[in-house]
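Okay, here's what each chain looks like letter by letter:
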Amino acid sequence: MASTSAEIIAFLLTISGWVLVSSTLPTDYWKVSTIDGTVITTATYWANLWKTCVTDSTGVSNCKDFPSMLALDGYIQACRGLMISAICLGFFGAIFGLVGMKCTKVGGSDQTKAKIACLAGLIFILSGLCSMTSCSLYANRITSEFFDPSFVAQKYELGAALFIGWAGASLCIIGGSIFCFSIAENSTSPRRGYAYNGATSVMSSRTKVHNSVPDKTPPKHFDKNAYV
């Protein structure tokens, strides 16, 4: 029962993390920068993995898509590939996790379902690591440019999408680890043994019962004339 509850919690954690990771990919604010005036914010610069935009004080945004994938910086291409890999891995991990849970009626025996659940946990851990690496790589580029005194272009700060990606990756890794422990718990669970005494016939059982009952018939005494 405890193992089933742990698998349900792990499944909810991994699905929540996968949803957060999936929502991170199209989110606008991967990095953001503002130019403040004396009273109000005059412009907000923000960018993600697909475009860079600027929003003025009236709320009008002007965006520019990245012109060519081959002309992109290497870290943006790496972040795209890692995020897409994380989403795909999370999708397959959700399917394996649903099949490997003990509360479902598919997947075979308990040992087979435990192996499938462990496989789902490994896939979710890989998904979380891909998302974590992507967000960390992007954040490292932002912070290195921000603290570089020789960098004269527009400097950005960490956007909300990075924190969402880190949170989703953490949930995937935690839930995947719980899934992996399910196979260890299944292998260490005690098994009940039943002794087999062999099949006995009805006649043999009756004979055993008859022999086990002591003979209470009084002994008979015969005279010598009884043999004549």
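Residues numbered from 1 in each chain as written. Predicted model: local features only at pLDDT ≥ 70, side-chain atom pairs only at ≥ 80, totals over all residues. Heavy atoms only, no water.

Engineer: Looking at this structure, I do not really get the environment of Ile125. What am I missing?
Structural biologist: Checked against the element boundaries, Ile125 lands in helix α3 (residues 110-146). Separated by 46 residues in sequence, Ile125 and Leu171 have C-alpha atoms that sit 9.3 Å apart. Sequence-distant contacts of Ile125, that is, excluding residues within four places in its chain, are made with Cys172, Ile173, Gly176, Ser177 and Cys180. (Helix = DSSP H or I, 4+ residues; strand = E, 2+ residues; numbered from the N terminus. Contact = heavy atoms within 4.5 Å.)

Engineer: How should the pattern of salt bridges be read in this particular structure?
Structural biologist: A pair can form between side chains of opposite charge whenever their charged atoms are brought close. One pass over the full model with this rule turns up 1 salt bridge. Between Arg141 and Glu145 there is a salt bridge, with the nearest N and O atoms lying 2.9 Å from each other. Note that Arg141 and Glu145 are positioned in helix α3 at a spacing of 4 residues, about one turn of the helix. (Salt bridge = Lys/Arg side-chain N within 4 Å of Asp/Glu carboxyl O.)

Engineer: Sorry, what's going on with the packing of aromatic side chains here?
Structural biologist: By convention here, two paired aromatic rings are described through the distance between centres and the angle between planes. Tallied over the full model, the rule gives 7 aromatic pairs. Arranged with centres 5.7 Å apart and planes meeting at 50°, the rings of Tyr75 and Tyr138 form a pair that is tilted. With Tyr75 in helix α2 (residues 74-100) and Tyr138 in helix α3, the pair connects residues that are 63 residues apart, well separated along the chain. The class of Tyr138 is buried, set by a relative accessible area of 1%. With 5.5 Å between their ring centres and 75° between their planes, Phe91 and Phe92 make a pair best called edge-to-face. Owing to a relative accessible area of 43%, Phe91 belongs among the partly exposed residues under this scheme. Pairwise contacts between aromatic rings join Trp18, Phe91 and Phe92 into one cluster. The side chain of Lys31 reaches across the aromatic face of Tyr156, ending 4.6 Å from its centre. (Phe/Tyr/Trp six-rings, centres within 6.5 Å; stacked < 30°, edge-to-face > 60°. Buried < 20%, exposed > 50% of the residue type's maximum accessible area, 1.4 Å probe, protein only. Lys NZ or Arg CZ within 6 Å of the ring centre and 35° of its normal.)

Engineer: Before we go on, may I ask you to explain the pairing of strand β4 (residues 61-65) in this structure?
Structural biologist: A regular strand carries its side chains on alternate faces of the sheet. Sheet analysis places strand β3 (residues 51-56) next to β4, joined by 5 bridges and oriented antiparallel. Within β4, the residue paired with Lys51 across the bridge is Asp65. (Pairing = 2+ DSSP bridges.)

Engineer: Help me out: how do you make sense of the side chain of Arg80 in this one?
Structural biologist: Checked against the element boundaries, Arg80 lands in helix α2. In this structure Arg80 is buried but unpaired, with Asp65 as the nearest side chain of opposite charge at 8.0 Å. Within the local environment of Arg80, its side chain forms a polar contact with the backbone oxygen of Leu49, the two atoms lying 2.8 Å apart. Setting aside anything within four residues of it in sequence, one finds Arg80 in contact with Leu49, Trp50, Phe66, Met69 and Leu72. (Lys, Arg positive; Asp, Glu negative; His and termini not counted. Polar contact = N/O pair within 3.5 Å; in protein donor to acceptor, adjacent residues only side chain to side chain.)

Engineer: How do you make sense of the state of the cysteines when you look at a structure like this?
Structural biologist: For the structure on display, the rule yields 1 disulfide. Cys53 shares a disulfide with Cys63; S-S distance 2.0 Å. Between Cys53 and Cys63 the disulfide shows an S-S torsion of about 115°. By sign, it is right-handed. Placement of the pair is Cys53 in strand β3 and Cys63 in strand β4, with a sequence separation of 10 residues. You can call Cys53 buried: its relative accessible area is 2%. Free cysteine: Cys135, not disulfide-bonded; nearest cysteine sulfur from Cys79 at 7.7 Å. (Disulfide = S-S within 2.5 Å.)

Engineer: Would you take a moment to explain the layout of surface pockets for this structure?
Structural biologist: Once rolled over the atoms, a probe with the size of a water molecule shows which space is left empty. Approximately 160 Å³ is the volume attributed to the largest pocket. Lining of the largest pocket is provided by Lys31, Ala47, Asn48, Thr52, Phe66, Ala71, Leu72, Asp73, Tyr75, Ile76, Tyr138 and Tyr156. Broken down by class, the residue content of the lining of the largest pocket amounts to 8 nonpolar, 2 polar and 2 charged. (1 Å grid on protein atoms, 1.4 Å probe; cavity = no way out; pocket = protein on both sides within 12 Å on 5 of 7 lines; lining within 4 Å. Points joined across faces, edges and corners; volume = space filled by probe spheres on them. Nonpolar A, V, L, I, M, F, W, Y, C, P; charged D, E, K, R; others polar.)

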